[in-house]
Amino acid sequence: MQEIKQNLSEAKILISLLSPAALSRPWLYTEFGAGWIRDIPTISVCHSGLNKGQLPIPLSHFQALNLTDEVHLEHLYNQISQAIGCRTPDRSLASDVSVYIEITETHRKKRMFGEWVSQINLWNPEFKKLFDGEMVEILIPGEADQAFRNFKLEVESAGFLKMHSKGFSMGTRVGMQATNWEVESGENFEEFKEIVSDKVPSNSSGT
């Protein structure tokens, strides 16, 4: 903690790399407060599915940029150069953005896929059979249906899973209304298993 305090007291600029998960980290707000009190440039750089327009108060009152926007990236490089007194690097912004998209999208999808595997397994304990090579039927609560369909779109477009609608149910174990789905492995299912390996139930051979 002393080292963090020392670095914050000497910093010429504070840049926070923010994913959706970062917003729940208490230290983030302490560090922003230090930048604010010292009146140094304090910038949020949003990535992995977080957009600068989604930042909560008080973070929304500071400068905010999207890592995968070329204009924002150029502004970030300029801000750093001004703060530390050096020339702005001669870089290909398009190339940097391409690299950052690849990195952050990988991070975002791993987090999102893992969260859905964990949640679906809570609603449907039999879901673990999917990782043993079986086709399974699952229930999704009505209030989560739209978010689930976004997940469905991503896993199907990647060839990870195949999902078939089986209609609606009333008065289910997951709520008064639920959508029914039949789920089976896609052509790239092995890659999906690797991505969510830490979320697969331990009694499944998919671990």
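Starting afresh in each chain, residues are numbered from 1 along the sequence in its written order. Thresholds applied to this predicted model are a pLDDT of at least 70 for local features of residues and 80 or more for the giving and counting of side-chain atom pairs; totals over whole chains, interfaces and linings are not thresholded and use all residues. Each side-chain value is derived from all of the structure's non-hydrogen atoms; neither hydrogens nor water enter the calculation.

**Concerning the pairing of strand 2 (residues 42-46)**
Burial status follows relative accessibility: with a 1.4 Å probe on protein chains alone, a residue under 20% of its type maximum counts as buried, one over 50% as exposed, and anything between as partly exposed. Comment: elements are numbered from the N terminus, with helices defined as DSSP H or I runs of at least four residues and strands as E runs of at least two. Most of strand 2 sits out of view: 5 of its 5 residues are buried. Judged by which residues are buried, strand 2 turns out to be covered on both faces: Thr42, Ser44 and Cys46 on one side and Ile43 and Val45 on the other are all buried. Only strands that DSSP links by at least two bridges are regarded as paired with each other. As judged from the 5 bridges shared by strand 1 (residues 14-18) and strand 2, these two strands associate in the parallel manner. Residue pairing across strands places Ile15 opposite Ile43, the latter belonging to strand 2. By convention, orient the strands away from the viewer: a clockwise path from the first strand over the helix to the second makes the crossover right-handed. Chirality of the crossover, the property in question, places the unit of strand 1, helix 2 (residues 26-38) and strand 2 among those that are right-handed. Sheet topology places strand 2 next to strand 3 (residues 63-66); 4 bridges connect them, and they run parallel. Bridging from a neighbouring strand, Cys46 pairs with Asn66 of strand 3.

**Considering the packing of aromatic side chains**
Stacked, tilted and edge-to-face are the three classes applied to pairs of Phe, Tyr and Trp rings, where Trp contributes its six-membered ring and a pair requires centres within 6.5 Å; stacked means planes under 30 degrees apart, edge-to-face means over 60, and tilted covers the rest. In the structure shown here, the tally under the stated rule is 14 aromatic pairs. Taking the centre distance of 5.8 Å and the plane angle of 90° together, the rings of Phe113 and Phe160 count as edge-to-face. Taken together, the residues Phe113 in helix 4 (residues 93-123) and Phe160 in the loop between helix 5 (145-157) and strand 5 (161-172) connect sequence positions 47 residues apart. By the burial criterion, Phe113 is buried, and Phe160 matches it. The interplanar angle of 15° and the centroid separation of 6.5 Å between the aromatic rings of Phe131 and Phe192 together place this pair among those described as stacked. Here Phe192 lies in helix 6 (residues 189-195) and Phe131 lies in the loop between helix 4 and strand 4 (136-141), a separation of 61 residues in the sequence. Judged by relative accessible area, which is 2%, Phe131 ranks as buried. Using a relative accessible area of 0% as the deciding quantity, one classes Phe192 as buried. Linked through ring pairs, Phe113, Trp116, Trp123, Phe127, Phe131, Phe148, Phe151, Phe160, Trp181, Phe189 and Phe192 together constitute an aromatic cluster.

**Looking at the sheet that holds strand 5**
By way of backbone hydrogen bonds, the strands of a sheet pair with one another, either parallel or antiparallel. Strands sit in the order 4-6-5 across an open sheet of 3 strands; the sheet is antiparallel. Edge positions in the open sheet fall to strand 4 and strand 5, since each of these has one partner strand only. Ignoring strand direction, the axes of neighbouring strands in this sheet form an average angle of 30°. Note: strand 5 against strand 6 (residues 175-185), 9 bridges, orientation antiparallel. Bridged to Lys162 within strand 6 is Glu184. Working rule for contacts: check all heavy atoms of both residues, and any pair within 4.5 Å makes them a contact. All axes here are fitted lines through C-alpha atoms, helices being fitted over the stretch that makes contact, and every angle between N-to-C directions spans 0 to 180 degrees. Packed onto the sheet, helix 5 meets strand 4, strand 5 and strand 6 and runs at close to 165° relative to strand 5.

**Looking at the environment of Pro125**
Mapped onto the fold, Pro125 is located in the loop between helix 4 and strand 4. Considered as a pair, Pro125 and Ile138 are 13 residues apart in the sequence and their alpha carbons are 9.1 Å apart.

**Describing the packing of helix 1 (residues 2-10) against helix 2**
The description of two packed helices rests on the angle between their axes and on the distance between the axes. Across the interface, helix 1 lies against helix 2 with an axial gap of 9 Å and an inter-helix angle of 35°. Between helix 1 and helix 2 lies a crossing of right-handed hand. The residues of helix 2 that touch helix 1, namely those facing Ile4, Leu8, Ser9 and Glu10, are Glu31, Ala34 and Arg38. Looking at the contact of helix 1 with helix 2 residue by residue, the classes come out as 3 nonpolar, 1 polar and 3 charged. Note on convention: the crossing is left-handed when the near helix lies turned anticlockwise from the far helix by less than a right angle, right-handed when the turn is clockwise. Residue polarity follows a fixed list, in which Ala, Val, Leu, Ile, Met, Phe, Trp, Tyr, Cys and Pro are nonpolar, Asp, Glu, Lys and Arg are charged, and the others, Gly among them, are polar.

**Digging into a nonpolar patch on the surface**
On the surface, Met1, Ile4 and Trp27 cluster together into a nonpolar patch covering about 360 Å² of accessible area. Positionally, Trp27 belongs in helix 2. Here, patches come from residues exposed beyond 30% relative accessible area and free of salt bridges, joined within 9 Å for like charges and within 5 Å for nonpolar side chains (Val, Leu, Ile, Met, Phe, Trp, Tyr). Shrake-Rupley sampling with a 1.4 Å probe provides the accessible areas, and residues are treated as covered by the protein chains on show and by no other component. By definition here, a salt bridge exists when the distance from a side-chain nitrogen of Lys or Arg to a carboxyl oxygen of Asp or Glu is within 4 Å.

**Thoughts on the confidence of the model for the protein chain**
A residue's pLDDT is the predictor's confidence in that residue, given on a scale from 0 to 100. On average, residues of the protein chain score 92 in pLDDT, and 97% of them are at 70 or above. Mean pLDDT per element in the protein chain: helix 2 is the minimum at 91, and strand 4 is the maximum at 97.

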